[in-house]
Amino acid sequence: MRRRAGVGAIQKQKLEQEKYKDKSNEIQENQFEQMFRQLEFFKTNLEEFSTKHKNEIRKNVDFRRQFQEMCASIGVDPLSSGKGFWSVLGIGDFYYELAIQIIEVCLATNDKNGGLISLEELRVRLIRARGKRKEHQDISKDDLLRAAQKLKIFGSGFNIIPYGKGNYMVQSVPGELNMDHSAILTLASSSNRLHVSVSYLNKELNWEPKRSQTVLDNLVNQGLAWVDLQDTYEPLYYFPSLLNEHINSAVNLEKY
Amino acid sequence: MGEVDIEWPWQYNFPPFFTLQPNPETRAKQVQAWKTLILDYCKRSKLYVLDVREAGNIALFHNSNINRKLDQSVIVSLLSELQKSGHANPIDKLKHRWEIYWHTLEEWSSMIYNYIQARGLQNSVLTLYELAHGDDVQDQEFFEIQNEVLIKVLQVLEKDRKCELILTDEDQGVKFF
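Here we summarise the structure given alongside this text. This is a predicted model, so every value here is computed, not measured. (Residues numbered from 1 in each chain as written. Chains lettered and ligands numbered in written order. Predicted model: local features only at pLDDT ≥ 70, side-chain atom pairs only at ≥ 80, totals over all residues. Heavy atoms only, no water.)

1. Examining the overall build of chain B
Moving on, step 1. On a plain count of helices and strands, chain B comes out with 5 helices and 8 strands.
Moving on, step 2. Put simply, chain B runs from its N terminus to its C terminus through helices and strands in the order α-β-β-β-α-β-β-α-β-α-α-β-β.
Moving on, step 3. For chain B, buried positions account for 46% of its 177 residues.
Moving on, step 4. In chain B, of all internal contacts separated by at least 6 residues, the share reaching a separation of at least 24 is 54%. (Helix = DSSP H or I, 4+ residues; strand = E, 2+ residues; numbered from the N terminus. Buried < 20%, exposed > 50% of the residue type's maximum accessible area, 1.4 Å probe, protein only. Contact = heavy atoms within 4.5 Å.)

Shown next, in the form of structure tokens:
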């Protein structure tokens, strides 16, 4: 006859379990402590690194890019918070400052371009506004993109629109620009004629006239395109934000 | 109209600038740019009177480089806008001919009165010709101001009892107080 499990056995089992638990807690605590120490170590090193290289971060374009790449590869975003311990690097501050300046330039040029500005024009104007010292001048497109992307958290009022090959527009007014819009911008900027028309879109993109007209009207309604009705054949649509001459002449006339 | 020494704004070479824009926001920017350009152009070329019917002959409204011109009805509405701020006034009822004041009549009047005070010419009588074309005023901004405009300017001063106009068939003069 099989003996039934006695109270003693159960208690023994319980005791064993408790012991295991204690041990695991102990191990966990050890691990925690070790990890904590490692983090602490990492942090001091990082701080040391940052104090040593703070100026470098502000001044050196390549350095910033490499640092960003390094962070990306280990999965941290040094810009995600101003409070986390990444803030000791001061790299966030650099980009926040840049973001504010981007907003300023966008606002200053809004009355001309309707709130759409090419990254290159933005860069030219921003650099002019920043002052003459070399470290103020060394702002790469990469820096601008990172800073501008941070502005997206303000909602749809701020957007980066890729067009063409490696080109970007920064949009500082609310409104949705879809693929059709950026296709038109790409076409207009690459064709060097700064304007498009229904027939031209039909020829280049094979769009139905109705589709083209809708998109073009939409761009006009958003204040991003201007209509020219004096062409003999059809209305032409222009984009002041793509006007290079305008960049130069306006830069000469104003502070920005 | 000869060549005018003016630095054209970027809009002047931007073809759609010569088409009134349908989008209200864009149009507001466009109208503002036109108003500034009209006054600037008239100031530089010392143009006191614009005839809308001849607009096609004026470089201001006709950019032959890009083959674009501004429609007459648009010009009239721009000038009417300028009228609201005291910078233009139609001469005839059909609104064909317009006086353009790149300085408002009030601005002109205080400019002239300041000159009179600086020269101590109160209580003396000047002919309008002297005031506008005399050797002494060559470096003044109102040098060669158009006679009709000058009279309107002086009438502003007259209202303030700062001068009295003497207008007869032979003589046109003014006495300042």
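2. Quick notes on the overall build of chain A
Moving on, step 1. Helix and strand counts for chain A stand at 10 helices and 6 strands.
Moving on, step 2. A sequence separation of at least 24 residues applies to 56% of the contacts in chain A between residues at least 6 apart.
Moving on, step 3. When the accessible surface of chain A is summed, it comes to about 15700 Å², and 52% of that surface belongs to carbon and sulfur atoms. (Areas by Shrake-Rupley, 256 points an atom, 1.4 Å probe, with all protein chains shown as cover.)

3. Re helix H8 (residues 198-205) of chain A
Residues spaced three or four apart along an α-helix face the same direction, because each turn holds 3.6 residues.
Residue and element names in this part refer to chain A.
Moving on, step 1. Taken as a whole, H8 has its buried residues at Val198, Tyr200 and Leu201. One side of H8 carries all its buried residues, which in axial view fall inside an arc of 160°.
Moving on, step 2. Packing partners of the buried residues in H8 comprise helix H7 (179-191), strand E4 (195-196) and helix H9 (209-221).
Moving on, step 3. Just past H8, the residue Asn206 takes up positive phi, approximately 65°. (Arc of directions from axis to C-beta.)

4. Digging into the interface of chain A and chain B
Moving on, step 1. Opposite the 23 residues of chain A that make contact, chain B presents 17 residues.
Moving on, step 2. Roughly 1700 Å² of surface becomes buried between chain A and chain B when both sides are summed, with 62% attributable to carbon and sulfur atoms.
Moving on, step 3. Taken together, chain A and chain B are joined by 1 salt bridge.
Moving on, step 4. With a shortest N-O distance of 2.7 Å, Arg68 of chain B and Asp228 of chain A are connected by a salt bridge.
Moving on, step 5. The interface formed by chain A and chain B contains 8 residue pairs in polar contact (both at pLDDT 80 or more).
Moving on, step 6. When residues of the side of chain A that touches chain B are traced back to their parent elements, those giving at least two are helix H3 (91-113), H9, strand E5 (226-228), strand E6 (236-238) and helix H10 (244-253) of chain A.
Moving on, step 7. For the side of chain A that touches chain B, the class distribution of residues is 11 nonpolar, 8 polar and 4 charged. (Buried area = accessible area lost by both parts, 1.4 Å probe. Salt bridge = Lys/Arg side-chain N within 4 Å of Asp/Glu carboxyl O. Polar contact = N/O pair within 3.5 Å; in protein donor to acceptor, adjacent residues only side chain to side chain. Nonpolar A, V, L, I, M, F, W, Y, C, P; charged D, E, K, R; others polar.)

5. Things to note about the side chain of Gln11 of chain B
All names here are of chain B.
Moving on, step 1. Summarising the element assignment, Gln11 is placed in the segment before helix H1 (24-44).
Moving on, step 2. Among the residues examined, Gln11 registers a relative accessible area of 12% and is labelled buried.
Moving on, step 3. A distance of 3.4 Å separates polar atoms of two side chains, one belonging to Gln11 and the other to Trp10.
Moving on, step 4. Not counting residues up to four positions away in its chain, the partners in contact with Gln11 are Phe17 and Ala33.

6. What about the packing of helix H4 (residues 119-130) of chain A against helix H6 (residues 141-150) of chain A?
Between two packed helices, the angle of one axis relative to the other and the distance separating the axes together describe the packing.
Residue and element names in this part refer to chain A.
Moving on, step 1. It is at 10 Å that the axes of H4 and H6 come closest, and there the two elements cross at 100°. In terms of their interaxial angle, H4 and H6 are classed as roughly perpendicular. Packed against H4, whose contacting residues are Leu119, Glu120, Arg123 and Leu126, the element H6 presents Lys141, Leu144 and Leu145 at the interface.
Moving on, step 2. Partitioned by chemical class, the residues of the contact of H4 with H6 number 4 nonpolar, no polar and 3 charged. (Axes fitted to C-alpha atoms, helices over the stretch in contact; angles between N-to-C directions. Parallel < 35°, antiparallel > 145°, perpendicular 65-115°, else oblique.)

7. Quick notes on the sheet that holds E4 of chain A
Residue and element names in this part refer to chain A.
Moving on, step 1. Judged by pairing direction, the sheet is antiparallel, and its 3 strands sit side by side in the order E4-E6-E5 without closing on themselves. Pairing within the sheet leaves two strands with one partner each, and these edge strands are E4 and E5.
Moving on, step 2. Here 2 bridges tie E4 to E6, and the two strands are oriented antiparallel to one another. Across the sheet, the residue bridging to Val196 is Tyr237, located in E6. (Pairing = 2+ DSSP bridges.)

8. Overview of a negative patch on the surface
Residues and elements named next belong to chain B.
Moving on, step 1. Negative charge collects at one region of the surface, where Glu130, Asp135, Asp136 and Asp139 lie side by side.
Moving on, step 2. Within the fold, Asp135 resides in the loop between helix H4 (128-133) and helix H5 (147-159).
Moving on, step 3. Given the relative accessible area of 65%, Asp135 is considered exposed. (Patch = residues over 30% accessible without salt bridge, like charges linked within 9 Å, V, L, I, M, F, W, Y side chains within 5 Å. Lys, Arg positive; Asp, Glu negative; His and termini not counted. Charge placed at Lys NZ, Arg CZ, Asp CG, Glu CD.)

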